[in-house]
Amino acid sequence: MHSILQRGNSILAYALSVLACLTFICFASTVLLNYVTDAKMNTVKVVVKNVPDYSASRERNDLGFLTFDLTTNLTGLFNWNVKQLFLYLTAEYKTENNELNQVVLWDKIILRGENAVLDFKNMNTKYYFWDDGNGLIANKNITLTLSYNIIPNAGLLPNIFAKGRHSFKFPMEYTTTRM
Ligand SMILES: *[C@@H]1O[C@H](CO)[C@@H](O)[C@H](O)[C@H]1NC(C)=O
Ligand SMILES: *[C@@H]1O[C@H](CO)[C@@H](O)[C@H](O)[C@H]1NC(C)=O
């Protein structure tokens, strides 16, 4: 009786350590791969409006609108430890109020097995490009970057930035017409 219990116990312990070991190998075999990839971005249409921000203080803040092209091949990022990719496009810029502003404009999930060769033209952003003041009008350096989180089967992988960047400027004047 006693020895059966003990035996069951040691089988369980053994099974658990094998499992932990496999998980570790799965993680270790992929953690050192180079996940950096190239991305080409371009902005097509860029305008800025000055509108009341009802979600904040009702003051008139800058709201940017842009459409963009994005080309990248993420096929090489998928290996047996990659379950899905979460990609997002961020705009970074400097204003008088803040040294660094970061706004996520668009995102997308790509599951393993889905087409990972992206060639988007003239895409609209998914999220509003609000500035918390008037930092967009005439801003000469807004930088778009593509980043992705790799969601693995085991382990943790860092947040990666694709190599391509694209900088653009906002116009000197507000657009008042509807778009
Ligand atoms: C995308 O990358 C994969 C592997 O890195 C390559 O085999 C494939 O040909 C590429 N596809 C395109 C359209 O560039
Ligand atoms: C534009 O901003 C990016 C970072 O947001 C910086 O790396 C780059 O040097 C800036 N370019 C110019 C021309 O100021």
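Everything below is about the structure shown above.
Treat the numbers as computed from the prediction; the structure is a model and nothing was measured. Residue numbering note: each chain is counted from 1, following its sequence as written. Key to labels: chains lettered from A, ligands numbered from 1, both in the order written. Note on the predicted model: pLDDT of at least 70 is required for a residue's local features to be given, and 80 or more for side-chain atom pairs to be given and counted; whole-chain, interface and lining totals, by contrast, use all residues. To get the side-chain values, take all heavy atoms of the structure and skip hydrogens and water.

Visitor: Help me get a handle on the side chain of Asp62, residues and values and all.
Guide: As for its position among the elements, Asp62 is in strand E2 (residues 60–73). Buried charge without a partner: Asp62 forms no salt bridge, and the closest opposite charge is Arg60, 8.2 Å away. Polar contact is defined as a pair of N or O atoms within 3.5 Å, subject to the rule that within protein one atom must be able to donate a hydrogen and the other to accept it, and that residues adjacent in sequence are counted only when both atoms are side-chain atoms. Reaching out from Asp62, the side chain makes a polar contact with the side chain of Asn50 at a distance of 3.0 Å. At a separation of 2.9 Å, a polar atom in the side chain of Asp62 contacts the main-chain amide nitrogen of Ile137. Labels follow the DSSP assignment, with helices taken as runs of H or I lasting at least four residues and strands as runs of E lasting at least two, numbered in each case from the N terminus. Note on classification: 1.4 Å probe, protein chains only; a residue is buried when its accessible area is under 20% of the maximum for its type, exposed when over 50%, partly exposed between these limits. Counted as positive: Lys and Arg. Counted as negative: Asp and Glu, with His and the chain ends omitted from the count. We count a salt bridge whenever a side-chain nitrogen from Lys or Arg sits within 4 Å of a carboxyl oxygen from Asp or Glu.

Visitor: Give me the site of ligand 1: which residues, what numbers.
Guide: Asn73, Thr75, Gly76 and Val117 make up every residue found near ligand 1. A distance of 2.3 Å separates an oxygen atom of ligand 1 from a polar side-chain atom of Asn73. Looking at the shell around ligand 1 residue by residue, the classes come out as one nonpolar, three polar and no charged. The criterion for a residue being near a molecule or strand is simple. One of its heavy atoms has to lie within 4 Å of it. Three classes are used, and their members are as follows: Ala, Val, Leu, Ile, Met, Phe, Trp, Tyr, Cys and Pro are nonpolar, Asp, Glu, Lys and Arg are charged, and the others, Gly among them, are polar.

Visitor: With reference to specific residues and values, describe the nonpolar core.
Guide: Throughout, nonpolar core names a set of buried Ala, Val, Leu, Ile, Met, Phe, Trp, Tyr and Cys residues whose side chains join them through atoms within 4.5 Å. By size, the foremost hydrophobic cluster in this structure holds 36 residues, and its most contacted members are Leu74, Leu85, Leu87, Trp106 and Phe129. Those elements that provide at least two residues to this core are strand E1 (39–52), E2, strand E3 (82–93), strand E4 (101–111), strand E5 (117–124), strand E7 (142–152) and strand E8 (159–168). Counting residues per element, this core draws most heavily on E3, which supplies six residues. Contacts are assigned to residue pairs with any non-hydrogen atoms lying within 4.5 Å of each other. In contact with Leu74, not counting residues within four places along its chain, are Thr37, Leu85, Leu87, Ile110, Ala116, Leu118 and Tyr148.

Visitor: An account of the pattern of salt bridges is needed here, citing residue identities and associated values.
Guide: All told, the structure shown has four salt bridges when counted by the stated rule. Here Lys94 ties to Glu99 by a salt bridge, and the two come within 3.7 Å at their closest N and O atoms. One exposure class covers both Lys94 and Glu99, and it is exposed. Here Lys121 ties to Asp119 by a salt bridge, and the two come within 3.2 Å at their closest N and O atoms. Judged by relative accessible area, Lys121 falls into the exposed class, the value being 54%.

Visitor: I'd like to hear about the site of ligand 2, residue by residue, with values.
Guide: As a structural note, the neighbourhood of ligand 2 is formed by Glu92, Asn141 and Thr143. Within the side chain of Asn141, an N or O atom sits 2.4 Å from an oxygen atom of ligand 2. Relative to its free-state accessible area of 360 Å², ligand 2 is covered by the protein chains to the extent of 33%. In these tables, accessible area is a Shrake-Rupley quantity obtained with a 1.4 Å probe, and a residue counts as shielded only by the protein chains included in the view.

Visitor: An account of a nonpolar patch on the surface is needed here, citing residue identities and associated values.
Guide: Patch membership requires more than 30% relative accessible area and the absence of a salt bridge. Residues of like charge join within 9 Å; the nonpolar side chains Val, Leu, Ile, Met, Phe, Trp and Tyr join within 5 Å. Together, Leu12, Leu16 and Leu19 make up a nonpolar patch on the protein surface, roughly 320 Å² of accessible area in all. Here Leu16 lies in helix H1 (residues 2–31). Residue Leu16 is classed as exposed on the basis of its relative accessible area, which comes to 52%.

Visitor: Help me get a handle on the packing of aromatic side chains, residues and values and all.
Guide: Any two aromatic rings considered together are summarised by their centre-to-centre distance and by the angle between their planes. Stacked, edge-to-face and tilted labels apply to pairs of Phe, Tyr and Trp rings (six-membered ring for Trp) whose centres lie within 6.5 Å, assigned for plane angles under 30 degrees, over 60, and everything in between, in that order. Summed over the entire model, instances satisfying the criterion amount to six aromatic pairs. Ring plane angle 35 degrees and centroid distance 5.7 Å describe the contact between Phe86 and Tyr88, whose orientation is recorded as tilted. The class for Phe86 is partly exposed, based on a relative accessible area of 24%. On the numbers, 5.4 Å between centres and 70 degrees between planes, the contact of Phe168 with Phe170 is edge-to-face.

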